[in-house]
Amino acid sequence: ILYDQRGRGASSAPANPWDSSIDDDAADVGALRRALGIRQWDVFGHSWGGGISMLAVAGDPAGVRRLVLADPVWSTSDWMAPLRRNVIDRLKGEQRAAVEQISEESLGTPDPVLHSAYAQAVYPSWFADPDMASHFVPPVAISETGTATLARLRRDGYDWRPRTGGVSTPTLVIHGDVDPLPLAVSRSSSYMGKDAHVVVVPSGHMPFWEAPQRFFELVNSFL
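The structure presented is a predicted model; accordingly, all values stated were derived computationally and were not measured. (Residues numbered from 1 in each chain as written. Predicted model: local features only at pLDDT ≥ 70, side-chain atom pairs only at ≥ 80, totals over all residues. Heavy atoms only, no water.)

Asks: How should I be thinking about the overall build of the chain in this particular structure?
Replies: The helix and strand inventory of the chain stands at 11 helices and 4 strands. By the compact-globule yardstick of 17 Å for 223 residues, the chain fits well, its C-alpha radius of gyration being 17 Å. In terms of its C-alpha atoms, the chain occupies a principal-axis envelope of roughly 50 × 45 × 30 Å. Within the chain, the proportion of its 223 residues that are buried is 48%. If you take every contact in the chain between residues at least 6 apart in sequence, the share linking residues at least 24 apart comes to 72%. Taken as a whole, the chain presents about 10,900 Å² of accessible surface, with 54% of it coming from carbon and sulfur. Each charge class in the chain can be summarised by its mean position, and for the 20 positive and 26 negative side chains these summaries are 6 Å apart. (Helix = DSSP H or I, 4+ residues; strand = E, 2+ residues; numbered from the N terminus. Rg over C-alpha atoms; globule rule 2.2 N^0.38 Å. Buried < 20%, exposed > 50% of the residue type's maximum accessible area, 1.4 Å probe, protein only. Contact = heavy atoms within 4.5 Å. Areas by Shrake-Rupley, 256 points an atom, 1.4 Å probe, with all protein chains shown as cover. Lys, Arg positive; Asp, Glu negative; His and termini not counted. Charge placed at Lys NZ, Arg CZ, Asp CG, Glu CD.)

Asks: Honestly, the packing of aromatic side chains in this entry has me stumped. Any pointers?
Replies: Aromatic ring pairs are defined here through the distance separating the ring centres and the angle between the ring planes. In this structure the tally under the stated criterion is 9 aromatic pairs. On the numbers, 6.2 Å between centres and 75° between planes, the contact of Phe 44 with Phe 215 is edge-to-face. On the criterion of sequence distance, the pair formed by Phe 44 in strand S1 (residues 41–46) and Phe 215 in helix H11 (residues 212–222) is long-range, its members being 171 residues apart. Ring plane angle 25° and centroid distance 5.3 Å describe the contact between Phe 127 and Phe 136, whose orientation is recorded as stacked. According to the relative accessible area criterion, Phe 136 is partly exposed, its value standing at 25%. Here the aromatic cluster, defined as three or more aromatic residues joined through ring pairs, consists of Phe 44, Tyr 123, Phe 127, Phe 136, Phe 208, Trp 209, Phe 215 and Phe 216. It is Arg 66 that lies over the ring of Phe 222; its NZ or CZ is 4.9 Å from the centre. (Phe/Tyr/Trp six-rings, centres within 6.5 Å; stacked < 30°, edge-to-face > 60°. Lys NZ or Arg CZ within 6 Å of the ring centre and 35° of its normal.)

Asks: Any chance you could explain helix H7 (residues 144–156) here in plain terms?
Replies: In an α-helix, one turn spans 3.6 residues, which is why side chains three or four residues apart end up on the same side. With 13 residues, H7 should cover 18 Å at 1.5 Å per step; its first-to-last C-alpha distance of 18 Å lies within 8% of that length. Of all the residues in H7, the buried ones are Thr 145, Gly 146, Thr 147, Ala 148, Thr 149, Ala 151, Leu 153 and Arg 154. Summarising the contacts, the buried residues of H7 are in contact with helix H1 (22–35), helix H2 (48–59), helix H3 (80–90) and helix H5 (112–122). Once H7 ends, the next one or two residues include Gly 157, with phi positive near 75°. (Expected span 1.5 Å × (residues − 1).)

Asks: Where do I start with the pairing of S1 in this structure?
Replies: Within a regular strand, side chains alternate between the sheet's two faces. Along S1, the buried face is formed by Trp 41, Val 43 and Gly 45; none of Asp 42, Phe 44 and His 46, which line the opposite face, is buried. The pairing of S1 with strand S2 (residues 64–70) spans 5 bridges and is parallel. What sits directly across from Phe 44, in S2, is Val 68. Tracing the backbone out of S1, into H2 and back to the parallel element S2 gives a crossover that is right-handed. (Pairing = 2+ DSSP bridges. Right-handed = clockwise from strand over helix to strand, strands pointing away.)

Asks: What is the right way to look at the sheet that holds strand S3 (residues 171–176) in this model?
Replies: The strands that make up a sheet are held in pairs by hydrogen bonds between backbone atoms, and each pair lies either parallel or antiparallel. As summarised here, the arrangement of the 4 strands in space is S1-S2-S3-S4, forming an open sheet in which the pairing is parallel. At either end of the open sheet lies a strand with only one pairing partner, and these are S1 and strand S4 (196–201). Strand-to-strand, the axes of this sheet are offset by a mean angle of 15°, without reference to chain direction. Those strands touched by H11 are S1, S2, S3 and S4, and its axis lies near 175° from that of S3. (Axes fitted to C-alpha atoms, helices over the stretch in contact; angles between N-to-C directions.)

In structure tokens, the structure reads:
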């Protein structure tokens, strides 16, 4: 089941998109499970969706059998500064200039066009193989709801550890060895307590595309 988060894709926006938060997105996961009449399911979250998934499981632990996280954002906002440095170091020429001209501070404002431009500018850095990145064109995604949610977290920071640290749901974390989101910090940030198992694969931020055989072997075995 792949769904659009509220106010993104084909899902309707809330009455006031600017009041949106990641807590709404997390609560929607459990609400979707109940609406579909599913007693218990497995949850997979990648990158930003990994953060949503962590919070979703914390809020709906009885409804989740297993959790798989692929290169997720960390349980605190400490990832933001090192990620930006790594992205800039990986890019060159016009690609690097496009990222540098959008400051981290400006991303704390809910400007959908700016956030969309930034997402497209950093996209090539997610791949370990620059040639592979050339085969993908990031979509132009402009959402007031999504922008408001992300801008708030960038501006105010966050620490989810009190909510996620005690979750006992069996969790598999798959992380690319050259992901700009550095592994050293992710290992120390206590994703989901003692039942989380971290596996490193040869990949950037997209292990399901760059190391698909290893990725799906791990996921299938875990589930």
